[in-house]
Number of protein chains: 2
Amino acid sequence: MTQLTSQLTVGFIGLGIMGKPMAGHLLRAGFPVIVHSRSQPPVDALVSQGAKAAQNPAELAAQCDLTLSCLPEDETVLKVWLQSEHAVLPAMKPGSIGIDLSTVSPATARQIAADASARGISFLDAPVTGGQWGAEAGTLCMMAGGEKVAFDRALPVLGAMGKKILHVGESGMGQMLKLANQIAVSVNMLAVSEALLFAEQAGLDLKTTLDALGAGAAGSWAMENLGSRIADRNFQPGFMVKLMQKDLRLVMEAAAHQKSPLLGTALIHQLFQHLENSGEERLGIQALTLVLERLSGKPANAPEMP
Amino acid sequence: MTQLTSQLTVGFIGLGIMGKPMAGHLLRAGFPVIVHSRSQPPVDALVSQGAKAAQNPAELAAQCDLTLSCLPEDETVLKVWLQSEHAVLPAMKPGSIGIDLSTVSPATARQIAADASARGISFLDAPVTGGQWGAEAGTLCMMAGGEKVAFDRALPVLGAMGKKILHVGESGMGQMLKLANQIAVSVNMLAVSEALLFAEQAGLDLKTTLDALGAGAAGSWAMENLGSRIADRNFQPGFMVKLMQKDLRLVMEAAAHQKSPLLGTALIHQLFQHLENSGEERLGIQALTLVLERLSGKPANAPEMP
């Protein structure tokens with residue numbers, strides 16, 4: 001730990017299943033950390049690890065060189081940074097840096113960056129991949145859009161929470177790359193679901209099928225990690241359909257704006273609606289298999305809800 | 001090498017880009033090998049490595065304990081095993097074993113197995129994955145359908161050509177599993193193509209995109225191996241669209257028979273028809289990207305044909 005990086009005071013807003021372990025990594029890396037969250041228990045937990053608590057986002061931002069947020073969706077992100085009584089941006093010190101780690105629309109990221117820029121503040125959109133497990137293990141991939149100078153200053157802080165930290169372009173491009181990621185995750189999920197449904201309906205053993213398919217050109221993270229859950233009829237999340245649908249709405253919105261044809265992604269987005277309509281949106285994305293099974297007219301038993 | 005396995009005389013019919021290196025592995029493992037192929041140069045090459053040549057499939061089969069074939073499609077497989085003047089099955093010794101390594105329809109595999117059974121001969125369908133590179137490196141995955149006793153006898157021979165050798169069920173099930181594999185390969189290809197087209201049209205650098213997406217839940221064999229070819233605008237095969245379309249016709253036929261819904265696979269099969277109609281069916285399957293680009297109305301330059 002250099003004296004320089006230890007001197008940066010870091011604020012963290014939003015201590016959910018992702019934010020709480022990420023803030024913990026910052027404390028263990030030696031940064032002075034100030035936290036704020038809607039819910040009190042994670043605040044108490046981090047205070048017991050050495051963090052200070054702030055009453056609201058503005059009080060937090062006023063004391064920090066770098067303010068981070070990790071929040072559920074666009075509306076909350078816009079409120080916290082711009083649109084509430086105690087919003088972050090108006091309270092930030094000149095020359096400080098704001099970074100939003102949430103997955104929101106590129107347009108929201110650009111809107112906050114433009115407002116920040118007008119105040120002489122740098123703002124990065126830096127959504128992450130790797131999920132709760134990656135947040136806890138400190139192995140997240142972080143994809144940042146915004147000024148390179150600000151990214152370089154923030155790098156020691158981001159590096160304490162993830163293992164692959166990329167500057168990918170101007171404001172909004174971090175979000176764009178995260179959306180590209182969700183396209184591949186979704187379509188890979190369809191690959192696993194279709195291949196396993198075909199195999200099962202052919203009478204093949206699914207564990208043997210996974211053993212064969214994982215070995216070569218059919219292999220994927222989804223095949224290795226979610227294929228076995230499907231074979232076990234385990235549809236617990238992992239990553240919830242509800243959250244994927246939120247991300248796929250952002251994908252389809254961005255794709256419509258730039259007129260990119262997403263035939264597979266659009267199809268999967270529509271199929272996931274079945275699980276939203278049937279009240280199963282809290283299952284993991286591997287429940288795409290259930291939709292295909294029901295479509296086939298040969299449904300297996302419905303799983304218990306999580 | 002045990003005396004027992006060395007005593008099995010092995011015949012190999014079809015010395016194409018897959019068969020030739022596979023037969024070479026058998027010679028190096030110490031098996032007496034007899035070869036036959038439509039084309040003379042690979043026969044000469046294997047004879048120079050110690051193989052004997054046979055004039056036709058029947059002459060080969062009459063001398064062998066185990067007869068293998070690796071051929072391009074159903075029609076040729078049926079001719080070689082059953083329907084030509086010098087067909088394999090009528091010439092085989094009682095108690096010998098036949099194995100077809102080609103990718104053909106499960107129905108074709110079952111038809112040959114039934115005829116073999118009536119003659120007191122065991123027949124396995126054992127299609128492979130891993131491609132030319134896997135055939136050369138001896139790292140193929142082989143998925144066998146048919147009698148377990150015959151599989152166990154053949155295992156030392158198959159093990160000389162591949163690294164993962166699975167008995168997956170009765171006759172036809174090896175082919176079924178290979179078709180499930182091709183479903184996942186195709187849909188994974190769509191995942192890479194859609195994600196990279198979205199990223200490129202958003203203005204992201206594709207190498208950075210691949211670096212980020214390969215790290216997590218979006219990762220796949222296709223992302224790692226074919227994603228970089230797409231980024232380099234390299235559409236040379238790998239695995240040709242023409243051959244994938246042959247396999248996807250078998251997939252759709254089997255799916256129609258068992259009434260499995262293959263929404264993604266059917267879509268990709270239709271999209272690949274564009275490349276067949278445009279005379280580009282000898283490009284690699286990563287050329288799915290070209291179809292999506294043209295569909296988007298923002299085509300890049302057409303690549304040179306291989």
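On a predicted model such as this, the values are computed, not experimentally measured, just so you know.

Each value, and the rule that gives it
Residues numbered from 1 in each chain as written. Chains lettered and ligands numbered in written order. Predicted model: local features only at pLDDT ≥ 70, side-chain atom pairs only at ≥ 80, totals over all residues. Heavy atoms only, no water. Phe/Tyr/Trp six-rings, centres within 6.5 Å; stacked < 30°, edge-to-face > 60°. Helix = DSSP H or I, 4+ residues; strand = E, 2+ residues; numbered from the N terminus. Buried < 20%, exposed > 50% of the residue type's maximum accessible area, 1.4 Å probe, protein only. Contact = heavy atoms within 4.5 Å. Buried area = accessible area lost by both parts, 1.4 Å probe. Salt bridge = Lys/Arg side-chain N within 4 Å of Asp/Glu carboxyl O. Polar contact = N/O pair within 3.5 Å; in protein donor to acceptor, adjacent residues only side chain to side chain. Nonpolar A, V, L, I, M, F, W, Y, C, P; charged D, E, K, R; others polar. Domains from an automatic or database assignment. Least-squares fit on C-alpha atoms with pLDDT ≥ 70 in both.

A few words on the packing of aromatic side chains. All names here are of chain A. In total, this model carries two aromatic pairs over all chains according to the counting rule given. Their ring planes at 80 degrees and their centres at 5.0 Å tell us that Trp 81 and Phe 123 sit as a pair that is edge-to-face. Taken as a pair, Trp 81 in helix H5 (residues 74-83) and Phe 123 in strand E6 (residues 122-125) lie far apart in primary sequence, 42 residues in all. Assigned by exposure class, Trp 81 and Phe 123 land together as buried.

This part covers the interface of chain A and chain B. In many analyses, interface size is given as the accessible surface area lost on bringing the parts together. Counting residues at the interface gives 57 residues for chain A, matched by 57 residues for chain B. Summed over both sides, the interface between chain A and chain B buries roughly 4800 Å², with carbon and sulfur atoms accounting for 70% of that surface. For the pair chain A and chain B, the number of links is two salt bridges. Across the pair Lys 164 of chain A and Asp 211 of chain B runs a salt bridge whose closest N-O atoms are separated by 2.5 Å. The interface formed by chain A and chain B holds 16 residue pairs in polar contact (both at pLDDT 80 or more) in total. The set of elements that each furnish at least two residues to the side of chain A that touches chain B consists of strand E8 (140-145), strand E9 (162-169), helix H9 (173-201), helix H10 (206-213), helix H11 (221-225), helix H13 (241-258), helix H14 (263-277) and helix H15 (288-295) of chain A. Top contributing element to the side of chain A that touches chain B by residue count: H9 of chain A, with 19 residues. Its residues assigned to classes, the side of chain A that touches chain B comprises 38 nonpolar, 14 polar and five charged.

On to the domain arrangement of chain A. Residue and element names in this part refer to chain A. When the domains of chain A are assigned, the result is domain 1 (10-170) and domain 2 (176-295). Just the C-alpha atoms count here: the centres of domain 1 and domain 2 sit 29 Å apart. Overall, the association of domain 1 and domain 2 removes approximately 870 Å² of surface from exposure, summing both partners, and the carbon and sulfur fraction of that is 70%. Of all residues in domain 1, Thr 103, Pro 106 and Met 143 give up the largest surface area on contact with domain 2, accounting jointly for 46% of the area buried on that side. Counting across the domain 1 and domain 2 interface gives zero salt bridges. Between domain 1 and domain 2 we count four residue pairs in polar contact (both at pLDDT 80 or more) in total.

Our focus in this paragraph is the relation of the copies chain A and chain B. With an axial shift of 0.0 Å and an RMSD of 0.0 Å, the rotation relating chain A to chain B amounts to 180 degrees. One copy is carried onto the other by what is essentially a two-fold rotation axis. Ranked by how close their C-alpha atoms come to the rotation axis, the residues of chain A are headed by Ser 220 of chain A, at 1.9 Å. Of the interface residues in chain A, 100% have counterparts in chain B that sit at the interface too, so the contact is made through matching surfaces.

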